[in-house]
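Structure assessment
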Amino acid sequence: VALKRMLNFNVPPVKNSTGEPVWKVLIYDRFGQDIISPLLSVKELRDMGITLHLLLHSDRDAIPDVPAVYFVMPTEENIDRMCQDLRNQLYESYYLNFISAISRSKLEDIANAAIGANAVTQVAKVFDQYLNFITLEDDMFVLCNQNKELVSYRAINRPDITDTEMETIMDTIVDSLFCFFVTLGAIPIIRCSRGTAAEMVAVKLDKKLRENLRDARNSLFTGDTLGAGQFSFQRPLLVLVDRNIDLATPLHHTWTYQALVHDVLDFHLNRVNLEESAGTESTPAGARPKKKNKKSYDLTTSDKFWQKHKGSPFPEVAESVQQELESYRAQEDEVKRLKSIMGIEGEDEGAISMLSDNTAKLTSAVSSLPELLEKKRLIDLHTNVATAVLEHIKSRKLDVYFEYEEKIMSKSTLDKSLLDMISDPDAGTPEDKMRLFLIYYISSAQAPSEIDLEQYKKALTDAGCNLAPLSYIKQWKAFTKMASAPTSYGNAAPKPLGLFSRVMYTGSQFVMEGVKNLVLKQQNLPVTRILDNLMEMKSNPETDDYRYFDPKMLRGSDSSVPRNKNPFQEAIVFVVGGGNYIEYQNLIDYIKGKQGKHVLYGCSELFNAAQFIKQV
């Protein structure tokens, strides 16, 4: 909503205006591009009158009779370039929108350039948009994608970090969270764990919100802010958690569709990139191997199949794709049958009566064609994506890993020794083995003895694993107080339903032989449990000493005693140090069971296990 308003020259778009939109150019930087692309498609931009969208630092031609909307970060180089545009008189008028608040001195630079270029009248509006975060789903956001190594897990947890570096990281995170709440138009009540990076974020965010509220004339939270209508009169709860409370989940192999896509494919800002496997026909000897095509697909909110199944276990997804395909084929056959009937020649009495009967049918079939084509596109898309995921599951035995890790995390009995899993050459990549071992190491009540550890290390080295992450996790485990009581992950291991008996008829495209059909049990992960305690005001040793901040209170009181005793209706969970789709899905499943409650999930960056293991 905020973006559409901005593209409409910062006036809310009128619903029923029939006239043409005003044609305009959109100029953004990489940050702006990342914010807009998951939310608005090129078609939607065109509907709003955006004919051209260009990067700020590309070579752009002058278009003298068109207004330009800028959407950029207020950095030195961006501002220099904007001043240059003013001097070169590229556009008719300039609407300058900054993703994050611009400083006074930089504003003066623009003003001077405008005076120098005699273009003061052409700078129509200058706005701080406070949109410095990326929304990936209706209930999920992540801070930034450009320069994300600045706020990564490693950056925050580096042993040799200086105080000033830490301040900068925290300020970056707080700036984005502040933007998030300005856009929501709500002031949260903040809870966080003590002695972690999350606590530093909480203190700074509380201060920033407090200062903004105190300056009543310029406060961003008064009057007709966008979000006024979105929330009930109750304020949302913001739970800030630190990645270090649970390092097992980001390493865990997963079984739901969206999390699997993120784990095994190249899935980034809602777009998945696939390499198409070249055809099986044999290439003549000596010929160059065929080049693999790269295809990218957008998995967005408008994709109904994705919305419905992104949280489903993978076997269900495969079955649903198959069903969709069959219903599509039935419709397609109907159209074909009608075509053949319409082709009847001759004056045959019967044919003519049939004809009038079928004209009506044909009309309806033709009118449903666009819908049919869209359906076909989605089926093809998900067939390709699901097939790619399935190849990984089969070649790496991910179902076996998932089941084994769930058993470790829920302390069930193991049917096969860990050493056998690690030294089995057919199961998984070295990375998969390392993930499995780290989860075992993190979840075990007492660390394995040195002798055992040496054995494991040898097996891991033989399997080709990089042992660097282990030393970090070892330090982490010694350092955390949690070592006495490892985080529990519930005690329900997944139950296999027998191998895919039902899906295995020959017509199916997904040959699932040998892949286990595992059914998920809903059990709350640590992040979800913490949210549940704080949202429902349950007393629990895990969360009782969480700090409590209320930016609306005049004097900041440092207490962990909540002022309000009622359970919250809306909550935002934010993970400092990075998050993943497994936790997101777990929260969504948890909140489904609660009537009328909403939860949003945010994180400083989104990583899959492969990216996380590199940071450890």
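Every value quoted in this text rests on a predicted model; they were computed, and no experiment measured them.

1. So, helix α8 (residues 197-214)
Taking 1.5 Å per residue as the helical rise, α8 with its 18 residues ought to reach 26 Å, and the 26 Å between its terminal C-alpha atoms agrees with that figure. Those residues of α8 that are buried are in contact with α6 (153-157), α7 (163-184), β8 (189-192), β9 (237-242), β15 (547-549) and β16 (570-576).

2. Here we look at the confidence of the model for the protein chain
Parts of the model with low pLDDT should not have their predicted coordinates read in detail. Per-residue confidence for the protein chain gives a mean pLDDT of 82, with 83% of residues at or over 70. Taken as a whole, residues 224-232 scores under 50 in pLDDT and shows 16 contacts with residues more than four places along the chain or in a different chain. Taken together, the stretch residues 481-486 has pLDDT below 50 and engages in 7 contacts with residues farther than four places along the chain or on a different chain.

3. Looking at the packing of aromatic side chains
Tallied over the entire structure, the rule returns 23 aromatic pairs. Their ring planes at 25 degrees and their centres at 6.0 Å tell us that Phe141 and Phe574 sit as a pair that is stacked. Of this pair, Phe141 sits in strand β7 (residues 140-142) while Phe574 sits in strand β16, placing them 433 residues apart in sequence. For the ring pair Tyr257 and Phe314, a centre distance of 6.3 Å and an interplane angle of 55 degrees mean the geometry is tilted. Here Tyr257, found in helix α9 (residues 257-264), pairs with Phe314, found in helix α11 (residues 314-342); they are 57 residues apart in sequence, far enough to count as distant.

4. With respect to the sheet that holds strand β17 (residues 598-603)
On the basis of which strands lie adjacent, the open sheet formed by 7 strands has the order β6-β7-β17-β16-β9-β8-β15 and mixed pairing. A single partner strand is all that each edge strand has here, and the edge strands are β6 (134-137) and β15. With direction set aside, neighbouring strand axes in the sheet form an average angle of 20 degrees. As judged from the 6 bridges shared by β16 and β17, these two strands associate in the parallel manner. Its bridge partner lying in β17, Ile572 is registered against Leu600. Each of β7, β9, β16 and β17 touches α7; the most contacted strand, β16, lies at about 165 degrees to it.

5. With respect to the packing of helix α16 (residues 430-443) against helix α17 (residues 450-462)
Where α16 meets α17, the closest approach of the two axes is 11 Å, and the angle between their N-to-C directions is 165 degrees. In this view, α16 runs roughly antiparallel relative to α17, as classed from their interaxial angle. The handedness of the crossing between α16 and α17 comes out as left-handed. Contact with α16, carried on its side by Lys433, Met434, Phe437, Tyr440 and Tyr441, involves Leu453, Tyr456 and Leu460 of α17 and no other residues of that element. Its residues placed into classes, the contact of α16 with α17 shows 7 nonpolar, no polar and 1 charged.

6. Topic: a negative patch on the surface
On the surface, a cluster of negative charge is made up of Glu76, Glu77, Asp80 and Asp109. Tracing the chain through its elements places Asp109 in helix α5 (residues 104-116). Overall, the relative accessible area of 38% leaves Asp109 in the partly exposed class.

7. Brief notes about α5
With 13 residues, α5 extends 18 Å from end C-alpha to end C-alpha; this agrees with the ideal 18 Å at 1.5 Å per step. Burial in α5 covers these residues: Lys106, Ile110, Ala113 and Ala114. Projected onto a plane normal to the axis of α5, the buried residues spread over an arc of 100 degrees and lie on a single side. Counted as exposed and oriented over 90 degrees from the buried face of α5: Arg104, Asn112, Ile115 and Gly116. Of the surrounding elements, those touching the buried residues of α5 are α4 (76-87), β4 (91-98) and β5 (123-128). Directly after α5, the chain includes Asn118, whose backbone phi takes a positive value near 60 degrees.

Calculation notes
- Residues numbered from 1 in each chain as written.
- Predicted model: local features only at pLDDT ≥ 70, side-chain atom pairs only at ≥ 80, totals over all residues.
- Heavy atoms only, no water.
- Helix = DSSP H or I, 4+ residues; strand = E, 2+ residues; numbered from the N terminus.
- Expected span 1.5 Å × (residues − 1).
- Contact = heavy atoms within 4.5 Å.
- pLDDT = per-residue confidence, 0-100.
- Phe/Tyr/Trp six-rings, centres within 6.5 Å; stacked < 30°, edge-to-face > 60°.
- Pairing = 2+ DSSP bridges.
- Axes fitted to C-alpha atoms, helices over the stretch in contact; angles between N-to-C directions.
- Parallel < 35°, antiparallel > 145°, perpendicular 65-115°, else oblique.
- Left-handed = near helix turned anticlockwise from the far one by under 90°.
- Nonpolar A, V, L, I, M, F, W, Y, C, P; charged D, E, K, R; others polar.
- Patch = residues over 30% accessible without salt bridge, like charges linked within 9 Å, V, L, I, M, F, W, Y side chains within 5 Å.
- Areas by Shrake-Rupley, 256 points an atom, 1.4 Å probe, with all protein chains shown as cover.
- Salt bridge = Lys/Arg side-chain N within 4 Å of Asp/Glu carboxyl O.
- Lys, Arg positive; Asp, Glu negative; His and termini not counted.
- Charge placed at Lys NZ, Arg CZ, Asp CG, Glu CD.
- Buried < 20%, exposed > 50% of the residue type's maximum accessible area, 1.4 Å probe, protein only.
- Arc of directions from axis to C-beta.

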